[in-house]
Amino acid sequence: MIWKLSLTGIKSRFKDYAVLFSGLVVASMIFYMFLTITINPTFIKNDIAAPSNYVRFTFGFGIVLLVIITAIYLVYANSFLLSMRKHDYGMYMMLGAKSTKIGALIFLETLITGILATIVGILLGFGLTAIVSQLLISRLDLTVKHFAVVLPNAVIWTIIFFILIFLFGALKNVRKLTRTPVIELLRDDQKPVAYKRQPVLHWIQGTLGLVLLAAGYFILGLPGGAILFIIPAALVTIVAGSYFTFNAFFSALIGFLLNRRSFSYHGIRIFTLGQLKFRLHDYTRILTVVSLLFALALGAITVGLNFSTLNEQLKGNFYYDTTIISDSPKVTQAENKLTITRQQTFHYKEQGKYLYFNRSEFTNNPVKNVKFYMKNGQPAYKTIDLPIKKLDVPATYANNAFGAMVPNGIAKIIRLVSPEKWAAKSGQKKFVSFVNVKNFDQDYFTILKLQKQQLKENPAYANIYTSSKAGSYQLIKNFSSGFEFMGFFLGFAFLTMLASTLMFKVLSGAASDKVRYQMLFEIGTRVKILRQSIRNEIGVLFLLPGVLGVIDVLFGLRLFKLLLPHPYQNLWIPFTIFIVLYLIYYLLTVKLYEKIVLAHE
């Protein structure tokens, strides 16, 4: 009987449950995807080189953040679930149902919803993981044969995590409802909202909120060397500032508009403003959380997408695109495919612990290098000519830089000698050729193939390969790709759940609002005006945390200036994505709210 009632309750509220269900599916789907990429053992061991541990770290970090936001989200999802069923449970108890049976009913409904959402999320996660893994692999330029889309360990841990979360939520729901008197369950929507008028205190809190926000934004702009102070200080000031701003400043602002009769007495604005004033008082914590999560979500995808700018910055850190030390058929074949614009070749002879170079080849043909320096506290680079007279002087910048560019140049001593002395030296004649190409991105794969072939032929090429432009580009591309995908999917998960959380909070109070809208309708207010009031009220509730979250992001991105060369680049992409998705949730909330409060129509 309990099973039947549970399934009947879910079926009767299917549309409401569908909203809750969709958010939970997205959460479990993305959680599974992150977990699969992070703990895929054969993939990590056989297909990715050691530097790709960055990928495992970044996705693992994403899982931790996702766990936190999922836990917060489920608190409000459970609140929505309770608000939908309180009256039904009260009726069952009025008809003689025992509290233990009602507790079992609540427990089953919560647990069934969670388990079904988790299963569907994992199944969809298989497809999402397959798509994302292929995109990630293509961005990392890897040949992968061992990646498992269906990973039993990931499935088990996803199920365990979500079942534990829902088990905790179900027990909490049982405890709350079985301890609530029947009369409160039946008349919960008629309980008055307590509100204390403290205008002076509200203005003080509102001013303090703005001051704390300004202080937090100022702290985010401090030099990166104070990062251990910046993060906790900014977190405290911005969280407290956001809370006071929602609790007092916006409420005081609405109170000010209420007192302006020329504005508030137009249409039913006074009703809408009154609704908002009580909403903001009741929603202070949730609006604070939503604004912060909005900033985290938008920041995650913005920073993630801008990690690709590291690739462009890295290319500017190297003057030469590749180095050639072999004239074997395979290397020559690859070299012929390059669109070479400049090539500097220097010959040398290796004798004992010395490398003898022909000095005449450097005349009017200096070796170039990109030198790092700090400018106004920011990293900068400039191209310089390495002085010929310093190339063979040990411990000089020119000697160290040139030594890193030639085989065995660090382990052995470099000497520049006259053409006559060089011709008289015994030993095999060798060469090193520094090459620039027309378009590095187009020739990247050919360069990588050429360098790997030379490494295979000559172990002494290892140091050159490791510090080469192509080798470093592959490493940073690996690193940035992990953050790009983590940022996008983590941001998407954050936005989905924070918007769902706000939606559930609004809808959980819809039952108590129904009486108010019914009274307005019965005294002659047109449905069109009621709908406009609903759109305005919910629009403000969505707009305020969204605007504050955007401001948080715009100031917060300054924190990444030391890590990213252009943290504000292509800002329109994540903003457009978020505005569209946020608008969809707003419209959905309005539609569901109207269906509840305008049922008399």
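Below, the structure is looked at part by part. (Residues numbered from 1 in each chain as written. Predicted model: local features only at pLDDT ≥ 70, side-chain atom pairs only at ≥ 80, totals over all residues. Heavy atoms only, no water.)

## Digging into the packing of helix α12 (residues 284-306) against helix α22 (residues 572-597)
In a packed pair of helices, the relevant descriptors are the angle between the two axes and the axis-to-axis distance. Orientation of α12 relative to α22, taken along the N-to-C sense of each, is 140°, at an axis distance of 9 Å. On the basis of the axis angle, α12 is oblique to α22. As for how α12 packs across α22, the hand of that crossing is right-handed. Facing Val290, Phe294, Ala297, Leu298, Ile301, Thr302 and Leu305 of α12, the residues of α22 in contact are Ile573, Pro574, Phe575, Ile577, Phe578 and Tyr582. Per-class residue counts for the contact of α12 with α22 are twelve nonpolar, one polar and no charged. (Axes fitted to C-alpha atoms, helices over the stretch in contact; angles between N-to-C directions. Helix = DSSP H or I, 4+ residues; strand = E, 2+ residues; numbered from the N terminus. Parallel < 35°, antiparallel > 145°, perpendicular 65-115°, else oblique. Left-handed = near helix turned anticlockwise from the far one by under 90°. Contact = heavy atoms within 4.5 Å. Nonpolar A, V, L, I, M, F, W, Y, C, P; charged D, E, K, R; others polar.)

## Some thoughts on the environment of glycine 121
Position of glycine 121 among the secondary structure elements: in helix α5 (residues 99-140). Given a relative accessible area of 0%, glycine 121 falls into the buried group. Not counting residues up to four positions away in its chain, the partners in contact with glycine 121 are Val25, Ser28 and Met29. (Buried < 20%, exposed > 50% of the residue type's maximum accessible area, 1.4 Å probe, protein only.)

## Focus: the nonpolar core
Of all hydrophobic cores here, the largest spans 88 residues; its most connected members are Leu498, Tyr517, Ile534, Ile538, Tyr582 and Tyr593. Looking at this core, the element that brings in the most residues is helix α2 (residues 14-38), giving eleven residues. Setting aside chain neighbours within four positions, we find isoleucine 538 in contact with Val506, Tyr586, Thr589, Val590 and Tyr593. Within the second largest apolar cluster, 37 residues are counted, among which are Tyr320, Ile414, Ile447 and Tyr461. (Core = buried A, V, L, I, M, F, W, Y, C linked by side-chain atoms within 4.5 Å.)

## Some thoughts on the pairing of strand β3 (residues 354-358)
With four of five residues buried, β3 lies mostly within the body of the structure. As paired elements, strand β2 (residues 340-351) and β3 share four bridges and run antiparallel to each other. Bridged to glutamate 350 within β3 is leucine 355. What sits between β2 and β3 in their antiparallel hairpin is a turn of two residues, with glycine 352 showing a positive phi close to 65°. In this structure, β3 lies alongside strand β6 (residues 413-417), joined through five bridges in parallel fashion. (Pairing = 2+ DSSP bridges.)

## With respect to the sheet that holds β3
Pairing is mixed across the open sheet formed by five strands, whose spatial order is β1-β7-β2-β3-β6. Either end of the sheet is taken by a strand with one partner, and the two such strands are β1 (322-324) and β6. In this sheet, neighbouring strand axes are inclined to one another by 30° on average, regardless of whether the strands run parallel or antiparallel. Along the sheet face, helix α17 (residues 440-457) touches β1 and β7 (429-437) and points at about 40° away from the line of β1.

## Examining a positive patch on the surface
Together, Lys330, Lys337, Lys449 and Lys456 line one region of the surface with positive charge. You can see lysine 330 is positioned in helix α14 (residues 329-335). Residue classification places lysine 330 among the exposed positions, given a relative accessible area of 54%. (Patch = residues over 30% accessible without salt bridge, like charges linked within 9 Å, V, L, I, M, F, W, Y side chains within 5 Å. Areas by Shrake-Rupley, 256 points an atom, 1.4 Å probe, with all protein chains shown as cover. Salt bridge = Lys/Arg side-chain N within 4 Å of Asp/Glu carboxyl O. Lys, Arg positive; Asp, Glu negative; His and termini not counted. Charge placed at Lys NZ, Arg CZ, Asp CG, Glu CD.)

## Examining the pattern of salt bridges
On inspection of all chains with the given rule, the structure shows six salt bridges. Aspartate 321 is the salt-bridge partner of lysine 469, the closest N and O atoms lying 2.6 Å from each other. Pair noted here: lysine 469 is in helix α19 (residues 469-508) and aspartate 321 is in the loop between α13 (309-315) and β1, with a separation of 148 residues, a long-range link. Exposure class is identical for lysine 469 and aspartate 321. Each is buried. The shortest N-O distance in the salt bridge between glutamate 350 and lysine 430 comes to 2.8 Å. Highlighted residues: glutamate 350 in strand β2 and lysine 430 in strand β7, separated in sequence by 80 residues. When salt bridges that share partners are traced, they join Glu350, Lys412 and Lys430 into one network.

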